[in-house]
Amino acid sequence: MPTLLLRNATLLVTMDDAGREIPDGGLFARDGVIQQVGPTAELPATADQVINAQGMVVLPGLVNTHHHLYQTLTRAVPTAQDATLFEWLKTLYPIWARLTPEAVYVSALVGLAELMLSGCTTASDHLYIYPNGCRIDDEIRAAQEIGIRFHASRGAMSLGESKGGLPPDRVVEDEDFILKDMQRAVETYHDPNRYAMLRIVLAPCSPFSVTPDLMREAAAMARACGVHLHTHLAETLDEEQFCLERFGRRPVGYAEDLGWVGDDVWYAHGVHVNGEEIGLLAHTGTGVCHCPSSNMRLASGIAPVRAYLDAGVKVGLGVDGSASNDSSHLLAEARMAMLLQRVTGNPRGLTAREALYLATRGGAAVLGRDDIGQLAPGFAADFIGFRLDRLDYAGALHDPVAALVFCTPQRVDLSVIHGRVVVEEGHLLTVDLGPIVERHNRIARQMVRGE
């Protein structure tokens, strides 16, 4: 079993239960699993692979809990730059209807590469549109090639415009087919074991794009198969009005009626919730993915993250789709989360270390993982490093941990996933990005222009 030794880190941020930050720290891992963490002097002297992290701050890999990787193809589309969520969706649905299997695969490589270079070692993606023969298999192939720990959410839309939903009929699927393909995805790909590199999530898209029947059936299937559930919820006031008019319930109450609460469920956004609903999420163990940049971009509002944390709700971070962000930089989301909780007047709304907690242990909890998110014995050897001698941190080394969040968000210099070095000296090692970016831009032009 291969061993790995990280040594001489200027500061090792463990995010463990004691919150240890170890000067001149390091870790020793065997077969992708951490065996020992502590000061360099207390670690083994040799290993199959030795990483000298002198001059770096090292911390657990970041965990992204919501994305739409295919949307990297439609960033900054002029007609969707200044729109609310519903306007934005109606503008982009016809473009997304031109997706192909190649487009899903290449866009996933691009989005995952961005995530990895920003410090992400575990990512969850929500693919909910499947035209022209697209399958969730297309993005799974990309994740396996690039080497990231991946939660693939088999999303779905079934409620087209003709039935009172938001998406055009041509981009929705038959519900019987959706359920069969969800079952296929779980049986083909889901790994329930500790340290799994690939898991499947069942994820009907939103209250305005699927029926209550599909929500109920997906929940029943997920619980029978032992997989998690994910959906968009309480993102905008338009969605709230839709739920009140169609179901007579606010979004969280509607989800509760359908059995969509529990420690196997997490929502994207959770912006428009009241105190009673926050209490329900805390009591049931239901998680929330906070997507600050997307919520600002689409004028959706500010999620009550401080109230969530004070109530004990599990909260992680997500970059959301790259057509509503328009990037896939998870460390930047940690910074935005911190600032957004302060903008209404509370300078203690979220601290830098709390923001990093959301991006690591918070995300792990939301995904239902107890094997990632901290640097401690028995946890996966997923960690990242940032050099502290860069211009951007000059004058900020009084607190290098806070500098990661307060200063301009940087790309990682080092990333290791399950004991495998995937980023070294700031370069992604697992794929050749030049040809991928060129291919991606060609597909993006064809899609947007309808060629």
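Computed from a predicted structure; not experimentally measured. (Residues numbered from 1 in each chain as written. Predicted model: local features only at pLDDT ≥ 70, side-chain atom pairs only at ≥ 80, totals over all residues. Heavy atoms only, no water.)

S.K.: Which residues make up helix 11 (residues 330-340), and what values go with them?
M.R.: Buried residues dominate helix 11, accounting for eight of its eleven residues. Those residues of helix 11 lying buried are L330, L331, A332, E333, A334, A337, M338 and L340. (Buried < 20%, exposed > 50% of the residue type's maximum accessible area, 1.4 Å probe, protein only. Helix = DSSP H or I, 4+ residues; strand = E, 2+ residues; numbered from the N terminus.)

S.K.: Outline unusual backbone geometry, listing residues and values.
M.R.: Here N325 and D326 are connected by a cis peptide whose omega angle stands at 5 degrees. A positive phi angle, close to 55 degrees, is found at D31, a residue other than glycine. Positionally, D31 belongs in the loop between strand 2 (21-30) and strand 3 (33-39). The partly exposed category is assigned to D31, whose relative accessible area is 41%. Located in the positive-phi region is A76, a residue other than glycine, with phi close to 55 degrees. Topologically, A76 is positioned in the loop between strand 6 (62-64) and helix 1 (85-96). By relative accessible area, A76 is classed as partly exposed at 44%.

S.K.: Give me the lowdown on the environment of T211, citing residues and values where you can.
M.R.: Turning to its location among the elements, T211 is positioned in the loop between strand 9 (198-204) and helix 5 (212-225). Separated by 40 residues in the primary sequence, T211 and P251 have C-alpha atoms spaced 13 Å apart. Once you skip the residues sitting within four places of it in the chain, T211 turns out to touch S158, L159, E175 and Y254. (Contact = heavy atoms within 4.5 Å.)

S.K.: Can you tell me about the nonpolar core, naming the residues and giving the values?
M.R.: Ranked by size, the top nonpolar core spans 131 residues in total, and within it W88, W96, L99, I148 and F150 carry the most contacts. The greatest single-element share of this core, amounting to twelve residues, is contributed by helix 2 (residues 101-117). One finds L12, L27, I51 and A381 within the second-largest nonpolar core, a separate group that totals 19 residues. (Core = buried A, V, L, I, M, F, W, Y, C linked by side-chain atoms within 4.5 Å.)

S.K.: So, the pattern of salt bridges: which residues are in play, and what are the values?
M.R.: Taken as a whole, this structure holds 28 salt bridges when the rule is applied. Of the charged contacts in the structure, one is a salt bridge between R353 and E21, with a shortest N-O distance of 2.9 Å. With a gap of 332 residues between them, R353 in helix 12 (residues 352-366) and E21 in strand 2 connect regions that are remote in the sequence. Judged by relative accessible area, R353 falls into the partly exposed class, the value being 32%. One connected set of salt bridges, linked through shared partners, spans R135, D137, R154, E173, D181 and R184. (Salt bridge = Lys/Arg side-chain N within 4 Å of Asp/Glu carboxyl O.)

S.K.: Outline helix 14 (residues 433-449), listing residues and values.
M.R.: Given a rise of 1.5 Å per residue, 17 residues ought to cover 24 Å, and the 24 Å separating the end C-alpha atoms of helix 14 matches this to within 8%. Burial in helix 14 covers these residues: I436, H440, I443, A444 and M447. With its buried residues spanning 105 degrees around the axis, helix 14 presents them on a single face. Away from its buried face by more than 90 degrees, helix 14 exposes E438 and R449. (Expected span 1.5 Å × (residues − 1). Arc of directions from axis to C-beta.)

S.K.: An account of the packing of helix 2 against helix 14 is needed here, citing residue identities and associated values.
M.R.: Running from amino to carboxyl end, helix 2 crosses helix 14 at an angle of 130 degrees, the nearest separation of the two axes being 9 Å. Considering the angle they form, helix 2 stands oblique to helix 14. Crossing of helix 2 against helix 14: the hand is left-handed. Facing E102, A103, Y105, V106, S107, L109, V110, A113 and L117 of helix 2, the residues of helix 14 in contact are L433, I436, R439, H440, R442, I443 and M447. When grouped by side-chain class, the residues that make up the contact of helix 2 with helix 14 number eleven nonpolar, two polar and three charged. (Axes fitted to C-alpha atoms, helices over the stretch in contact; angles between N-to-C directions. Parallel < 35°, antiparallel > 145°, perpendicular 65-115°, else oblique. Left-handed = near helix turned anticlockwise from the far one by under 90°. Nonpolar A, V, L, I, M, F, W, Y, C, P; charged D, E, K, R; others polar.)

Shape descriptors only; they carry no functional weight alone.
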